[in-house]
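So the chains spell out like this:
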Amino acid sequence: MHEPAPLSSGLRELIAAYTSYLNQCEFCTKSHAAISSELLGSEDLVWSVLHDLEGSSLPENEKALLRFVAKVTKDLPSVHATDTEALRAIGWSDFLRPYGLGII
């Protein structure tokens, strides 16, 4: 999670916290949220993302990535090429594959 990568460690920890939150794992949510808060410099931002992604101040491209993460987490069979094409259209690329985000 903290090796050099195209995504910042803070964003990777936020993705882990968000996935854990969606999976209702309180321990993992809190631990990843704490690390993400430290790395991103804002506990308020992290918890606002977890409780209300759309209302949070996260940049729109990162919200789109987390929407994709939610779809993969909650309804993997519904993920289609159009989902990944939409991410590519806003600047995300297949470089995310090694980081467990499975953009295909």
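Above this text you will find the structure in question.
Report on the accompanying structure. This one's a predicted model, so the numbers in the text were calculated from it and none came from an experiment.

1. Some remarks on the overall build of the protein chain
Along the backbone of the protein chain there are five helices and zero strands. Listing the helices and strands of the protein chain from first to last along the sequence gives α-α-α-α-α. Every one of the 104 residues in the protein chain was classed for burial, and the buried ones make up 38%.

2. A word on the nonpolar core
In summary, soluble globular proteins display a tendency toward joint burial of nonpolar side chains. Ranked by internal contacts, the top residues of the largest apolar core, which has 23 residues, are Leu14, Ile15, Tyr18, Val49, Leu58 and Leu66. Of all elements in the fold, only helix 1 (9-22), helix 3 (43-51) and helix 4 (60-75) reach the threshold of two or more residues within this core. Those residues in contact with Tyr18 that sit more than four places away from it in its chain are Val49, Leu50, Leu53, Leu66, Val69 and Ala70.

3. What about the environment of Lys74?
Topologically, Lys74 is positioned in helix 4. A relative accessible area of 54% places Lys74 in the exposed class. Within the local environment of Lys74, its side chain forms a polar contact with the backbone oxygen of Leu22, the two atoms lying 3.0 Å apart.

4. Let's talk about a nonpolar patch on the surface
Taken together, the side chains of Ile35, Leu39 and Leu40 make up a nonpolar region of the molecular surface, amounting to roughly 220 Å² of accessible area. Within the secondary structure, Leu39 is located in helix 2 (residues 26-40).

5. Concerning helix 5 (residues 81-89)
Buried within helix 5 we find Asp83, Thr84 and Leu87. The arc that holds every buried residue of helix 5, seen down its axis, measures 90°, which confines them to one face. Along helix 5, the residues that are exposed and aim more than 90 degrees away from the buried face are Thr82 and Ala89. On the buried face of helix 5, the contacting elements are helix 4.

6. Observations regarding unusual backbone geometry
The backbone of Gln24 shows a phi angle near 60°, a positive value even though the residue is not glycine. Along the chain, the position of Gln24 falls in the loop between helix 1 and helix 2. Gln24 gets classed as exposed once you look at its relative accessible area, which sits at 72%.

7. Let's talk about the environment of Ala86
Relative to the helices and strands, Ala86 resides in helix 5. Classification of Ala86 by relative accessible area gives partly exposed; the value is 44%. For the pair Ala86 and Phe68, spaced 18 residues apart in sequence, the C-alpha separation works out to 9.7 Å.

Criteria and thresholds
- Residues numbered from 1 in each chain as written.
- Predicted model: local features only at pLDDT ≥ 70, side-chain atom pairs only at ≥ 80, totals over all residues.
- Heavy atoms only, no water.
- Helix = DSSP H or I, 4+ residues; strand = E, 2+ residues; numbered from the N terminus.
- Buried < 20%, exposed > 50% of the residue type's maximum accessible area, 1.4 Å probe, protein only.
- Core = buried A, V, L, I, M, F, W, Y, C linked by side-chain atoms within 4.5 Å.
- Contact = heavy atoms within 4.5 Å.
- Polar contact = N/O pair within 3.5 Å; in protein donor to acceptor, adjacent residues only side chain to side chain.
- Patch = residues over 30% accessible without salt bridge, like charges linked within 9 Å, V, L, I, M, F, W, Y side chains within 5 Å.
- Areas by Shrake-Rupley, 256 points an atom, 1.4 Å probe, with all protein chains shown as cover.
- Salt bridge = Lys/Arg side-chain N within 4 Å of Asp/Glu carboxyl O.
- Arc of directions from axis to C-beta.

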